[in-house]
Amino acid sequence: MLELTDLKVNYGGVTALRGLSLTVREGETVALLGNNGAGKTTTLSAISGLVRLAGGDIKYQGESVAGEPPPAIVARGLVHVPEGRRIFSTLTVHENLLLGGYLVRDGKELARRLERVYELLPRLAERRGQEGGTLSGGEQQMLAIGRALVAGPKLLMLDEPSMGLAPLVVAAVMEVIHDISAEGTAVLLVEQNARAALEIAQRGYVIENGRCTLEGPAAELSADPRVVEAYLGKV
Amino acid sequence: MSQLIWNGLFVGSFYALVALGYTMVYGIIKLLNFAHGDLYMLGAFTGFAMLGAMGGLVRSSSLVALLVVLVLTMVTTGLGGLVIERVAYRPLRGMPRLSLLITAVGASFALEYGTRIAAGPNPRVYPVRLDGAAVDVLGARVTMQQLVLMAVSAALMVALAVFIGRTQQGRAMRAIALDPKACLLMGINVDAIIARTFFIGSAMAGAAGVMAGGYYGKIDFLMGFIIGLKAFTAAVIGGIGNVPGTMLGALVLGLLESFGTHWVGGEWRDVFAFGFLILFLTVRPTGLLGERVTERV
C-alpha cells in the first residue's frame, strides 16, 4: 500500500537520506531499525510531508503523494505519531483526542471514534478532563497513539513509541500497537528497541546512513548475526 | 467612588477589545504585533468614511447606524489584518523573531502614514456623537450609549471565549500556540488558522476604533499608537498569550487609570499606566493569569 523508492532528503548541506526504498503492504506491521541519525525519523517526516524530497518518490495505493502538504497526507489516512509524543500539554486529554479528529467533519462519527479510543485505552477515559502535561510518560504515549487513531489511519506511523519508558510500560505500549494492527491497520514502526519492535512486526528493515542495508521477515532479522550484534546484544 | 469604578470598567472594556487581538497573535506566533494599534485607528477611519457615505441617514438613529457601521468595519479591518499577515509576516515565518518584530514596526508606520496620505494629517470629527442623557446607577452617572458600547464589547468577548474554548478551530489555535508541527500531523492547516487569528483580532480592534470614534468624537492617524501600547500593557498585566487573563488585565488597567487620575491628576494617566507596565515586567512578567513556565516533560 505504501512504496518508497530511492528517497533522498537533504537538510541544508547534510544528507539525511541517500536513496532509501521500502514497502509496507496492506495490514502489515513493518519495523524500521537503526541507530541514532540513521534516517529513521527523516523517513517518516518525508512520508508525512514535513520535509522536502531531494529525489525519489512516495506512492500510496499506487498514487504518488510526494510533495503533498501534511494535512493532505493525514486526509489520505497516513497518520504519524511523532517522536517525543508531542501532545498538547495544557489541553485536556479529551481536547487532545478531539484535535486528532480535526479533519473529521461529522460530529457523530467523531464521537464514535473517541468512544472507540476510550475503549481501547481505558486509562485515557479515566483522565479525560486532565491536562495532557500531567500524565505519566506511558500515558502520554497512549494519548499520542489515541490521538492518531481518532484521525482514522489506514497506515499508522510510530516514531520511537518506547523512548524513555520503563520496560513494563514498553510492553503495554507494544501490546496496544499489536491490537491496532490486529484490527487491520498497517503499522510502520520506527524503533531503537529492536527486540520489542521485531516481536510485533512481520517484516523489518535496517537503516544505516540514510539507506536500507538489510531487510527481511522479522524472525529472520532477529536471528541474523549482524542484527543481533548491532541492535539486540548477545544473549 | 462608584463613578470611578464605572469609568474604569468602561475604558477597560475598550482596552480589552484591542488587547485581545494583541494577545491572540502573541499566543499563536509569539509576535508582538506593533501594527495592532493601527488597525484600531484604521477601524476608526473606516467607520468615519462609512458614516460620511451614509450621510443624512445617520442623524435620525445614530446608535443603530453606528452598530451597522461597526459590523462592516470589523470585516474591513479583519481583512486588513489578513493582508498584513500575508504580506509582512508569513514570508518571515521560521526567521528570527527580531526580524518579525522589526517588520511589525514597519507595518505600523506603513498604516499610520498611509492613512495620513489618504485622509490627511488633521484630526477628523466623527459625524455621530454618543453623548445623550445620563441615568443614575448606584451613584454613578451612566449614559445609555456607554451601556450599549459595554454590552457590545462584552458580547464580543463572550463570543470569542466560546469560540476559543469550545470549537475545533479555537482548540486548533491553542494547539498551534503549543506545537505547530504536531498540529500539521493532525491535519490542521496551520497557516489558515493563523490567518484566521489575525482576522478575528483585527476585527475586534476595528470595533474598538469605531466605538472610540463615536464616544470621544475626534480621530487622527496616530491615535493607534498609545492605545496599542496600552493594550500591550493590559496584556502584560493579565498574562500575554492568555485570553481570560488579558480581559482581566484590561479591566484592571482601566480601573488603575481611573483611580490614578482621580488621585494624582489627569495629566499623569499615561505615566501611571506605563509605570504599571514596568512594575509588572519586573515583578511578575508572566502576568496575573500568565502561562505556567514549567511543564512536565
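What counts and how
Residues numbered from 1 in each chain as written. Chains lettered and ligands numbered in written order. Predicted model: local features only at pLDDT ≥ 70, side-chain atom pairs only at ≥ 80, totals over all residues. Helix = DSSP H or I, 4+ residues; strand = E, 2+ residues; numbered from the N terminus. Rg over C-alpha atoms; globule rule 2.2 N^0.38 Å. Contact = placed C-beta atoms within 7 Å. Nonpolar A, V, L, I, M, F, W, Y, C, P; charged D, E, K, R; others polar. pLDDT = per-residue confidence, 0-100. Core = buried A, V, L, I, M, F, W, Y, C linked by C-beta atoms within 7 Å. Buried ≥ 20, exposed ≤ 12 C-beta atoms within 10 Å, placed from the backbone. Pairing = 2+ DSSP bridges. Axes fitted to C-alpha atoms, helices over the stretch in contact; angles between N-to-C directions. Parallel < 35°, antiparallel > 145°, perpendicular 65-115°, else oblique. Left-handed = near helix turned anticlockwise from the far one by under 90°.

Participant: Can you lay out the overall build of chain B for me, pointing to particular residues and giving the numbers?
Facilitator: Scanning chain B from N- to C-terminus turns up twelve helices and four strands. For a compact globule of 297 residues, the expected C-alpha radius of gyration is about 19 Å, and chain B comes in at 19 Å, within 12% of that figure. In terms of its C-alpha atoms, chain B occupies a principal-axis envelope of roughly 55 × 40 × 35 Å. The long-range share in chain B, meaning contacts at least 24 apart out of those at least 6 apart in sequence, stands at 77%.

Participant: Tell me about unusual backbone geometry, and name the residues and values.
Facilitator: Residue and element names in this part refer to chain A. Residues other than glycine seldom take positive phi values, yet E160 does so here, at roughly 50°. The backbone phi angle of N209 is positive, close to 50°, even though this residue is not glycine. Along the chain, the position of N209 falls in the loop between β9 (203-208) and β10 (211-217).

Participant: Give me the environment of R123 of chain A: which residues, what numbers.
Facilitator: Looking at where R123 of chain A falls in the secondary structure, it is placed in helix α5 (residues 122-126). The residues touching R123 of chain A, leaving out its near neighbours within four places in the chain, are E139 and M142 of chain A.

Participant: Would you mind going over the interface of chain B and chain A in detail, with residue names and values included?
Facilitator: Contact with chain B, which involves 16 residues of that partner, is made by 22 residues of chain A. For the side of chain B that touches chain A, the secondary-structure elements that each account for two or more residues are α7 (168-178) and α8 (180-185) of chain B. Take the side of chain B that touches chain A: its biggest share by element is six residues, from α7 of chain B. Looking at side-chain class alone, the side of chain B that touches chain A contains eight nonpolar, three polar and five charged residues.

Participant: Lay out the confidence of the model for chain A in plain terms, naming residues and giving numbers.
Facilitator: Within chain A, residue pLDDT values average 93, and 99% of them lie at 70 or more. The weakest mean pLDDT in chain A belongs to helix α10 (residues 225-232) of chain A at 81; the strongest belongs to strand β7 (residues 155-159) of chain A at 97.

Participant: How would you explain the nonpolar core if you had to name every residue and give the values?
Facilitator: Grouped together as the largest cluster of nonpolar side chains are 156 residues, with contacts concentrated most on L189 of chain A together with V18 of chain B. Ranked by the residues each element gives to this core, the list is headed by helix α1 (residues 2-29) of chain B, at 15 residues.

Participant: Can you lay out the sheet that holds β9 of chain A for me, pointing to particular residues and giving the numbers?
Facilitator: All names here are of chain A. Taken in spatial order, the six strands make up an open sheet running β6-β7-β8-β3-β9-β10, and their pairing is mixed. With one partner strand each, in any of the chains shown, β6 (78-81) and β10 form the two edges of the open sheet. If you compare each strand with its neighbour and ignore which way they point, the axes differ by 15° on average. With five bridges connecting them, strand β3 (residues 29-33) and strand β8 (residues 186-191) associate as parallel partners. Counted as the bridge partner of T29 is V187 from β8. Against the sheet, helix α7 (residues 167-182) touches β3, β7 and β8, its axis set at about 155° to β8.

Participant: Pulling in residues and values, what's your account of the pairing of strand β3 (residues 140-143) of chain B?
Facilitator: Residues and elements named next belong to chain B. Looking at chain direction, strand β2 (residues 134-137) and β3 are connected through four bridges and run antiparallel. Residue A134 lies in a different strand from β3, and its bridge partner there is T143. With antiparallel pairing between neighbouring strands as the criterion, β2 and β3 make up a hairpin whose turn holds two residues, including L138 at a positive phi of roughly 50°.

Participant: Before we move on, can you summarise the sheet that holds strand β2 (residues 14-24) of chain A with the specific residues and values?
Facilitator: Residues and elements named next belong to chain A. Strand order across the open sheet formed by four strands is β2-β1-β4-β5, with antiparallel pairing between neighbours. Single-partner strands in this sheet number two, and they are β2 and β5 (63-64). Inspection of the sheet shows strand β4 (residues 55-60) paired to β5 by two bridges, in the antiparallel sense. Counted as the bridge partner of Y60 is E63 from β5. Its contacts with the sheet put helix α1 (residues 40-48) on β1 (2-11), β2 and β4, and the angle it makes with β2 is roughly 70°.

Participant: Which residues make up the confidence of the model for chain B, and what values do they have?
Facilitator: Regions with low pLDDT should not have their predicted coordinates read in detail. Overall, the predicted model of chain B reaches an average pLDDT of 89, with 94% of residues at or above 70. For the stretch residues 293-297 of chain B, pLDDT sits under 50, and the model shows five contacts to residues farther than four places along the chain or on other chains.

Participant: Hey, could you go over α7 of chain B for me, with residue numbers and the actual values?
Facilitator: Counting buried residues along α7 of chain B, eight of its eleven residues qualify, which places the element largely inside the surrounding structure. By the burial criterion, the buried members of α7 of chain B are G170, R171, A172, M173, A175, I176, A177 and L178 of chain B.

Participant: Just give me the short version of the packing of helix α2 (residues 36-54) of chain B against helix α9 (residues 190-216) of chain B, but keep the residues and values in it.
Facilitator: Residue and element names in this part refer to chain B. At their nearest, the axes of α2 and α9 sit 7 Å apart, and the two run at 55° to each other. When the interaxial angle is binned, α2 and α9 end up oblique. Along this stretch, α2 crosses α9, giving a crossing that reads as right-handed. Across the interface between the two elements, H36, L39, Y40, M41, L42, G43, A44, T46, G47 and F48 of α2 pack against S202, A205, G206, A207, A208, G209, V210, A212 and G213 of α9. Its residues placed into classes, the contact of α2 with α9 shows eleven nonpolar, eight polar and no charged.

Participant: Describe in detail the packing of helix α4 (residues 62-89) of chain B against helix α5 (residues 97-119) of chain B, supporting the description with residues and values.
Facilitator: Relative placement of two packed helices is described by the angle separating their axes and the distance separating the axes. Residue and element names in this part refer to chain B. Taken N-terminus to C-terminus, the directions of α4 and α5 make an angle of 130°; their axes are 11 Å apart at the nearest point. For the element pair α4 / α5, the angle class is oblique. Both α4 and α5 take part in a crossing whose hand is right-handed. Facing I84, A88 and Y89 of α4, the residues of α5 in contact are L100, T103 and A107. Among the residues making up the contact of α4 with α5, the classes are represented as five nonpolar, one polar and no charged.

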